[in-house]
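# Breakdown of the fold
Letter by letter, the chains look like this.
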Amino acid sequence: MTAAALPFSEAFFTDPHTVYQQLRDTAPACRSELPDGSPVWLVTRHADVRRLLADPRLSVDKSNGNGSWRGFSLPPALDANLLNMDPPHHTRIRTLVSRAFTPRRVEELRPRIQRTADALLDRIAGQGEADLVRDYAGPLPVTVICDLLGVPEHDRTDFRSWTDTMLVPPPDDRSAAARAVGAIHAYLRQLLAAKRTDPADDLLSALIAARENEDRLSEDELTSLAFLLLFAGYENTVHAIGTGLLTLLRQPDLPTDPTRLGSTIEELLRLDPPATVLLRRFTTEDVDVDGVVVPRGETVLLVVGAANRDPEAFPAPDEAAPGRAGNHLTFGHGIHYCVAAPLARIELEIAIGTALRRFPGLRLAVPDSDLRWRPSFRARGLVSLPVLLG
Ligand code: HEM
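Here goes a summary of the coordinates provided. These numbers were taken from a predicted model, which means no experiment stands behind them. Counting of residues starts from 1 at the beginning of each chain's written sequence and follows it residue by residue. Thresholds applied to this predicted model are a pLDDT of at least 70 for local features of residues and 80 or more for the giving and counting of side-chain atom pairs; totals over whole chains, interfaces and linings are not thresholded and use all residues. Hydrogens and water are ignored here; the side-chain numbers use all heavy atoms of the structure.

## So, the site of the ligand
Going by this rule: A single heavy atom is enough: if one lies within 4 Å of a molecule or strand, its residue is considered near that molecule or strand. Under this definition, polar contacts are N or O atom pairs within 3.5 Å; protein pairs additionally need one hydrogen-donor-capable and one acceptor-capable atom, and for neighbouring residues in sequence, both atoms have to be side-chain atoms. Secondary structure is summarised from DSSP: a helix means a run of H or I of at least four residues, a strand means a run of E of at least two, and numbering begins at the N terminus for each.
Close to the ligand lie 25 residues, the nearest being His 90, Arg 94, Arg 281, His 336 and Cys 338. Between the ligand and Arg 94 there is a distance of 2.7 Å, counted from an oxygen atom to a side-chain nitrogen or oxygen. Separating an oxygen atom of the ligand from a side-chain N or O atom of Arg 281 is a distance of 2.7 Å. When residues of the shell around the ligand are traced back to their parent elements, those giving at least two are α5 (89-100), α13 (219-250), β7 (279-283) and α16 (341-358).

## A word on the sheet that holds strand β4 (residues 129-131)
Counted only if it meets this: Only when DSSP finds a minimum of two bridges between them are two strands counted as paired.
One open sheet accounts for 3 strands, arranged β4-β12-β11; its pairing is antiparallel. Two strands close off the open sheet at either side, each with one partner strand: β4 and β11 (363-364). Two strands pair when backbone bridges link them, and β4 and strand β12 (residues 386-388) are joined in this way by 3 bridges, in the antiparallel orientation. Residue pairing in the sheet places Glu 129 in a bridge with Leu 388 of β12.

## Let's talk about the side chain of Ser 68
Threshold: Two residues qualify as a contact provided that any one of their heavy atoms is within 4.5 Å of a heavy atom in the partner residue.
Residue placement: Ser 68 occurs in the loop between β3 (58-59) and α4 (76-79). Every residue in contact with Ser 68, bar those within four places of it in the chain, is listed here: Ser 38, Pro 39 and Thr 299.

## Considerations on the pattern of salt bridges
Pairs may arise between side chains of opposite charge once their charged atoms sit close together. Applicable threshold: The salt bridge criterion pairs a side-chain nitrogen of Lys or Arg with a carboxyl oxygen of Asp or Glu, the two atoms within 4 Å.
On inspection of all chains with the given rule, the structure shows 28 salt bridges. A salt bridge links Arg 112 to Asp 147; the shortest N-O distance between them is 3.8 Å. A residue pair is termed long-range when its members are at least 10 positions apart, and Arg 112 in helix α7 (residues 110-125) and Asp 147 in helix α9 (residues 139-149) qualify at 35 residues. Residues participating in the shared-partner salt-bridge network are Arg 112, Asp 147, Glu 153 and Arg 156.

## Digging into the sheet that holds β7
Reading across from one edge, β1-β2-β10-β7-β3 is the order of the 5 strands in this open sheet, with mixed pairing throughout. Only two strands of the sheet have a single neighbouring strand rather than two, namely β1 (29-33) and β3. Across 3 bridges, strand β2 (residues 39-43) lies against strand β10 (residues 299-302) in parallel orientation. Bridge pairing in β10 places Trp 41 opposite Val 300.

## Quick word on helix α2 (residues 17-26)
Formally: The rule is simple: take the accessible area with a 1.4 Å probe, protein chains only, and divide by the maximum for that residue type; under 20% is buried, over 50% is exposed, in between is partly exposed. Within this analysis, the arc is defined by the directions that extend from the helix axis to the C-beta atoms.
All of the buried residues in α2 are His 17, Val 19, Tyr 20, Leu 23 and Arg 24. Projected down its long axis, α2 shows its buried positions confined to an angular sector of 155 degrees, all on one face. What points out from α2, more than 90 degrees from its buried face, is the exposed set Asp 25 and Thr 26. For α2, the elements touching its buried residues are α1 (10-14), β1, β2, α14 (261-271) and α15 (304-307).

## Description of the packing of aromatic side chains
Where we set the bar: Whether two aromatic rings pair depends on their centres lying within 6.5 Å, for rings of Phe, Tyr and Trp, where Trp uses its six-membered ring; planes under 30 degrees apart make the pair stacked, over 60 edge-to-face, and the rest tilted.
In this structure the tally under the stated criterion is 9 aromatic pairs. With a centroid separation of 6.3 Å and 65 degrees between ring planes, the pair formed by Phe 331 and Tyr 337 is classed as edge-to-face. Since its relative accessible area comes to 29%, Tyr 337 is described here as partly exposed. Within the aromatic cluster, the residues linked to one another by ring pairs are Phe 8, Phe 12, Phe 13, Tyr 20 and Phe 377.

## What about the environment of Tyr 234?
In this structure, Tyr 234 sits in helix α13. Sequence separation between Tyr 234 and Val 181 is 53 residues; the distance between their C-alpha atoms is 14 Å. Setting aside anything within four residues of it in sequence, one finds Tyr 234 in contact with Gly 138, Pro 141, Val 142, Ile 145, Thr 163, Asp 164, Leu 167 and Leu 229.

If you want it as structure tokens, here you go:
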């Protein structure tokens, strides 16, 4: 299988798993093309994806690529973030982040996340019908990130609208996303300056104060980190909540009582990871994958959505089997493993558990075949999730 091994058609976005299975079986490391024409290599088997995520010959820094990767064009101060950095820069910044992003800070967010989920559901409770992506899965993670970073209440409407425009720009205004990125950048700089003079009990203030020996984060490092937390934290969580709820509506027999909800959520994460295709790396030398040589400088996409359903790693991989053994790769693996995976898990447990308890009769408001998936290879998620509340 060569060019365009991923078809990027509506059928593919609705169900990528048939294509993933063919790739795993017949071309586990193969060349393909993105919709913008960028040439890439796809790797689909669990053992290969996991191994390559921990292989230092694969870099996240675009300067190691051959220039064919286009990706997002962010201002340099935002582009220089953890997810685009290799060691030793990555190690230094990640160490400082870990000093601030402590289990205690994450655990303390739990009651606020619960209050946010309750308030969002209160708002739709009287309506009979709702779109759970627009009304619930979308607003929840932005509020959590605002709580985490310490964005004051009166700035949140602006913050939310810039975030939405950046991630889903209006189709008739191509420069809207760039303007929104500019506005977020300016806002984060201003917020950092305010936290410097008037620190509070939030992650931004903790990041400003974090130090490792005499080392501290610079102004640009803090801004790009805050931006990455927003960017990495928002979209993935929206889609994990939306897709997870859909799977539970389709399979109401899956256990969701408080003691077993956590294991069910691990399976939801395994079956349909939001970052399904896009863990992106550049080869710093020729790398052999299953007997295929990927030359130096090429872009490699590690297809977590395919790896997570590899029968070699997960018997009967398409079935949700809460409590099963094995490591899914939905939060990545190796040095870039999601720094906020514990927070994401809490958000998912609260979001999904609260919606199901509050509306025990929750069901789809449209035939399953009418559901639309976002035409994006960056993040797998529903455009909307229309439901009847019971
Ligand atoms: C269900 C929700 C989430 C999923 C599926 C997810 C997934 C991932 C994955 C796969 C990576 C590794 C990317 C790579 O290796 O190329 C990653 C890294 C990261 N994530 Fe998450 N994430 C989620 C939620 C969050 C949240 C809520 C935040 C912040 C509030 C966050 C912040 C980050 C950061 C900062 C990194 C970069 C870590 C590094 O490079 O060392 N993520 N995430």
